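Chain by chain, the residues:
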Amino acid sequence: MSSLLQGVNLYLIGMMGVGKTTVGRLLAKQLAYGFVDTDDVIAQAAGKSINQIFDEEGEAAFRQLESDVLSQVCAFTKLTIATGGGIVLRRENWSYLHHGLIVWLDAPVELIYSRLADDTTRPLLQDSDPQEKLRSLLEQRQSLYAQADIRIAIAQEETPEQIATRIIEAIPSVLKKPVSH
Ligand SMILES: Nc1ncnc2c1ncn2[C@@H]1O[C@H](COP(=O)(O)OP(=O)(O)OP(=O)(O)O)[C@@H](O)[C@H]1O
Ligand SMILES: O=C(O)C1=C[C@@H](O)[C@@H](O)[C@H](O)C1
Ligand SMILES: [Mg+2]
């Protein structure tokens, strides 16, 4: 698979809690790729948590940092990149994402909510009705996520390992070999 990919980066997109970080790390290992998580890079560079960035600088500042990180990461090859759930919102980010293969992890809101109900690290979910918030975020973003090259629909009982394997199996269908003349 690594030889078929020829170093092309894989970008995982999708809603918060869908498993981009968890699956991305496994996928990188299986492909002998490096692993980058844009949220982690932003937090490390800023020296504060994502919650603190949202609180102290606002979402717009976070989105700018996210674009800055993505623009730098896409200059490298042989990476699996777990993105933040809102990376799809800015048009300029798509020009970076399209440097590689874009994989949408798509799970129902109920599954995502069951994972994040007690999690306080997602600032956009610090809401009086987090499940409804997830629903409205997904509604706003669905058509953007759908621009991915590969969609992986995730069922309740699937392990991160099974999801990583399904992604690897889906790659050949979107990597067309050049036509020989
Ligand atoms: N396939 C899975 N089965 C069970 N739990 C999972 C699975 N994938 C991820 N999780 C759990 O769900 C939570 C969210 O996963 P993760 O942090 O990987 O999501 P994410 O898509 O990176 O979210 P964000 O966009 O907020 O960074 C974590 O507690 C993780 O352990
Ligand atoms: O869906 C979102 O907008 C976000 C998802 C996380 O990955 C973080 O990037 C942050 O919490 C915002
Ligand atoms: Mg993540």
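Residues numbered from 1 in each chain as written. Chains lettered and ligands numbered in written order. Predicted model: local features only at pLDDT ≥ 70, side-chain atom pairs only at ≥ 80, totals over all residues. Heavy atoms only, no water.

Draft legend 1. Region of the structure containing the nonpolar core. Counting 57 residues, the largest nonpolar core has L5, I13, L27, L105, I152, I154 and I167 as its most contacted members. With six residues, helix α9 (residues 160–174) is the single largest residue contributor to this core. Leave out the neighbours within four places in its chain, and L27 touches L10, L12, T80, A164, I167 and I168. (Core = buried A, V, L, I, M, F, W, Y, C linked by side-chain atoms within 4.5 Å. Buried < 20%, exposed > 50% of the residue type's maximum accessible area, 1.4 Å probe, protein only. Helix = DSSP H or I, 4+ residues; strand = E, 2+ residues; numbered from the N terminus. Contact = heavy atoms within 4.5 Å.)

Draft legend 2. Local environment of the site of ligand 2. Around ligand 2 lies a shell formed by M16, D39, I50, F62, R63, G84, G85, G86, P123, L124 and R141. In this structure, D39 approaches ligand 2 through a side-chain N or O atom, which is 2.6 Å from an oxygen atom. Here an oxygen atom of ligand 2 sits 2.7 Å away from a polar atom, N or O, in the side chain of R141. Out of a free accessible area of 310 Å², ligand 2 has 96% covered by protein chains. The cavity that encloses ligand 2 is the largest pocket. (Near = heavy atom within 4 Å. Polar contact = N/O pair within 3.5 Å; in protein donor to acceptor, adjacent residues only side chain to side chain. Areas by Shrake-Rupley, 256 points an atom, 1.4 Å probe, with all protein chains shown as cover. 1 Å grid on protein atoms, 1.4 Å probe; cavity = no way out; pocket = protein on both sides within 12 Å on 5 of 7 lines; lining within 4 Å. Sits in = over half its atoms within 2 Å of the grid points.)

Draft legend 3. Region of the structure containing the pattern of salt bridges. For the structure on display, the rule yields 10 salt bridges. A salt bridge links R166 to E158; its shortest N-O distance comes to 2.8 Å. Under the relative-accessibility criterion, E158 is labelled buried at 16%. One continuous salt-bridge network, built from bridges that share partners, spans K48, E56 and E57. (Salt bridge = Lys/Arg side-chain N within 4 Å of Asp/Glu carboxyl O.)

Draft legend 4. Representation of the site of ligand 1. The environment of ligand 1 is made up of 16 residues, and the closest members are G17, K20, T21, T22 and R122. Between ligand 1 and K20 there is a distance of 2.6 Å, counted from an oxygen atom to a side-chain nitrogen or oxygen. Within the side chain of T22, a nitrogen or oxygen atom sits 2.5 Å from an oxygen atom of ligand 1. When ligand 1 is considered free in solution it has 630 Å² of accessible area, and contact with the protein chains removes 74% of it. In this structure, ligand 1 is accommodated by the largest pocket. With three residues, the top contributor of residues to the shell around ligand 1 is helix α2 (residues 20–31). Here the residues of the shell around ligand 1 are counted per class, giving five nonpolar, six polar and five charged. (Nonpolar A, V, L, I, M, F, W, Y, C, P; charged D, E, K, R; others polar.)

Draft legend 5. Here's a closer look at the UniProt feature "binding site: substrate" (unreviewed entry) in the protein. Mapped onto the present numbering, the UniProt feature "binding site: substrate" (unreviewed entry) falls on D39, R63, G85 and R141. Lining residues of the largest pocket drawn from the annotated set just named are D39, R63, G85 and R141. Among the secondary structure elements, R63 is positioned in helix α5 (residues 59–73). Look at R63 and you get buried, because its relative accessible area is 9%. The contacts of R63, once residues within four sequence positions are left out, are F54, G86, I87, L89, R90, L124 and R141. As for its placement among the helices and strands, R141 is situated in helix α8 (residues 130–145). (UniProt positions renumbered as here; feature names shortened; annotations may be inferred.)

Draft legend 6. Focus on the packing of aromatic side chains. Throughout the structure, instances matching the rule amount to two aromatic pairs. Relative to F62, the ring of F54 has its centre 5.0 Å away and its plane inclined at 45°; by these criteria the two rings are tilted. Neither F54 nor F62 differs from the other in exposure class; each is buried. A ring pair is formed by W104 and Y145, whose centres lie 6.0 Å apart and whose planes are at 25°; its orientation type is stacked. Taken together, the residues W104 in strand β4 (residues 101–106) and Y145 in helix α8 connect sequence positions 41 residues apart. Among the residues examined, W104 registers a relative accessible area of 5% and is labelled buried. (Phe/Tyr/Trp six-rings, centres within 6.5 Å; stacked < 30°, edge-to-face > 60°.)

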